[in-house]
Amino acid sequence: MIRVLVVEDDPVAADAHQMYVERVEGFTVTAVAHTRAAAVRALERTPVDLLLLDLYLPDGHGLGLLRSLRAAGHGADVIAVTSARDLAVVREGVSLGVVQYVLKPFTYPTLRDRLVRYAEFRAAAGEASGQEEVDRALGALRVAHPAALPKGLSGPTLEAVTRVLKESPDGVTAAAAGEGLGISRITARRYLEHLVSVGSAARRPHYGQVGRPELHYRWLASGL
């Protein structure tokens, strides 16, 4: 089993990340830490193979934690789970042993893909017969193609709809989401239905006094 330490300051997101990891065969979560200090204590108690690391922690940056771990001799690999998009941060993370980046918001299939690729990379053992085998081992970490969206959906609009949904704890209708984003109700509903299909949102009918029930969409914690 690949032992994972989840480091995430948001308790709801941390629970979702733990659930995601434990749904992937061959992985187990040994501990969850909400701060840099708690992560250090967890590593002192239990060895791990992989950190699922948020970069924005209340008591310091995640890369600061990683630098201190490397200085102390910890060799665990790292998958960064973060909203940070600064490529300078990405480059520094790579130099410190970050093997994958997963940008928030994301769905379970996205993280599952990264974990499966990481497991393939770890499984490579022994001496390589040549350059091709080395390339194949390193290539396991690369994402050959971005996750495909259904035809007619775009990444930026999906991010915008996701943001509206996450900012509406009581749920939102397609009409309200569309109005807030300046898109049609039908377009908004296509994106909301996509989020439902990948397990990031749930829908329920809301019955008013007259007419047909209206669908309300709600963001799920497991869709973080």
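Because the structure is predicted, anything quoted here is derived from the model rather than measured.

Calculation rules
- Residues numbered from 1 in each chain as written.
- Predicted model: local features only at pLDDT ≥ 70, side-chain atom pairs only at ≥ 80, totals over all residues.
- Heavy atoms only, no water.
- Axes fitted to C-alpha atoms, helices over the stretch in contact; angles between N-to-C directions.
- Helix = DSSP H or I, 4+ residues; strand = E, 2+ residues; numbered from the N terminus.
- Parallel < 35°, antiparallel > 145°, perpendicular 65-115°, else oblique.
- Left-handed = near helix turned anticlockwise from the far one by under 90°.
- Contact = heavy atoms within 4.5 Å.
- Nonpolar A, V, L, I, M, F, W, Y, C, P; charged D, E, K, R; others polar.
- Salt bridge = Lys/Arg side-chain N within 4 Å of Asp/Glu carboxyl O.
- Buried < 20%, exposed > 50% of the residue type's maximum accessible area, 1.4 Å probe, protein only.
- Phe/Tyr/Trp six-rings, centres within 6.5 Å; stacked < 30°, edge-to-face > 60°.
- Arc of directions from axis to C-beta.
- UniProt positions renumbered as here; feature names shortened; annotations may be inferred.
- Core = buried A, V, L, I, M, F, W, Y, C linked by side-chain atoms within 4.5 Å.

## Regarding the packing of helix α8 (residues 174–181) against helix α9 (residues 185–197)
Turning to step 1, where the next piece is worked out: One way to put it is that α8 packs onto α9 with a least axis distance of 8 Å and a crossing angle of 110 degrees. In terms of orientation, α8 and α9 fall into the roughly perpendicular class. Crossing of α8 over α9 shows right-handed handedness. Packed against α8, whose contacting residues are A174, A175, A177 and G178, the element α9 presents R185, A188, R189 and L192 at the interface.
Turning to step 2, where the next piece is worked out: Of the residues in the contact of α8 with α9, the class split is five nonpolar, one polar and two charged.

## Notes on the pattern of salt bridges
Turning to step 1, where the next piece is worked out: A full pass over the atoms with the stated rule returns eight salt bridges.
Turning to step 2, where the next piece is worked out: We note a salt bridge from E8 to K104, for which the minimum N-O separation is 2.9 Å. With a gap of 96 residues between them, E8 in the loop between β1 (2–7) and α1 (11–22) and K104 in the loop between β7 (98–103) and α5 (108–123) connect regions that are remote in the sequence.
Turning to step 3, where the next piece is worked out: Among the residues examined, E8 registers a relative accessible area of 1% and is labelled buried.
Turning to step 4, where the next piece is worked out: Note that K104 is salt-bridged to D54, the shortest N-O span being 3.8 Å.

## Quick look at the packing of aromatic side chains
Turning to step 1, where the next piece is worked out: For the coordinates displayed, the defined rule picks out one aromatic pair.
Turning to step 2, where the next piece is worked out: Ring geometry for Y20 against Y108: centres 5.3 Å apart, planes inclined by 50 degrees, an arrangement best described as tilted. With Y20 in helix α1 and Y108 in helix α5, this pair connects stretches of sequence that are 88 residues apart.

## Description of α8
Turning to step 1, where the next piece is worked out: Along α8, the residues classified as buried are A174, A177 and G178. For α8, the buried positions fall inside an angular range of 95 degrees around the axis, keeping them on one side. Exposed residues on α8 whose side chains face more than 90 degrees from its buried face are E179 and G180.
Turning to step 2, where the next piece is worked out: Against α7 (155–166), α9 and β9 (214–219) lie the buried residues of α8.
Turning to step 3, where the next piece is worked out: G182 occupies a position one or two residues after α8 and carries a positive phi of about 75 degrees.

## Looking at the UniProt feature "modified residue: 4-aspartylphosphate" (unreviewed entry) in the protein chain
Turning to step 1, where the next piece is worked out: Here, the residues flagged by UniProt with the feature "modified residue: 4-aspartylphosphate" (unreviewed entry) are D54.
Turning to step 2, where the next piece is worked out: Residue position: D54 is located in the loop between β3 (50–53) and β4 (56–57).
Turning to step 3, where the next piece is worked out: The class of D54 is buried, set by a relative accessible area of 4%.
Turning to step 4, where the next piece is worked out: The contact partners of D54, leaving out residues within four places of it in the chain, are V7, E8, D9, G62, V81, T82 and K104.

## So, helix α2 (residues 36–45)
Turning to step 1, where the next piece is worked out: Of the positions making up α2, those classed as buried are A38, A39, A42 and L43. The buried residues of α2 all sit within an arc of 135 degrees when viewed along its axis, so they share a single face. Exposed residues lying more than 90 degrees from the buried face of α2 are E44 and R45.
Turning to step 2, where the next piece is worked out: Looking at the buried residues of α2, the elements they touch are β1, β2 (27–33), β3 and α3 (62–71).

## Focus on the nonpolar core
Turning to step 1, where the next piece is worked out: Ranked by size, the top nonpolar core spans 25 residues in total, and within it L5, L51, L53 and L55 carry the most contacts.
Turning to step 2, where the next piece is worked out: Listing elements by their share of this core, those giving two or more residues are β1, β2, α2, β3, α3, β6 (77–82) and β7.
Turning to step 3, where the next piece is worked out: With near-sequence residues (within four places) excluded, L53 lies in contact with V7, G62, L65, V78, I79, A80 and V81.
Turning to step 4, where the next piece is worked out: Ranked by size, the runner-up nonpolar core spans 18 residues in total, among them V21, F27, L52 and V102.

## Some remarks on the environment of A37
Turning to step 1, where the next piece is worked out: You can see A37 is positioned in helix α2.
Turning to step 2, where the next piece is worked out: On the basis of relative accessible area, A37 is assigned to the partly exposed category, the value being 34%.

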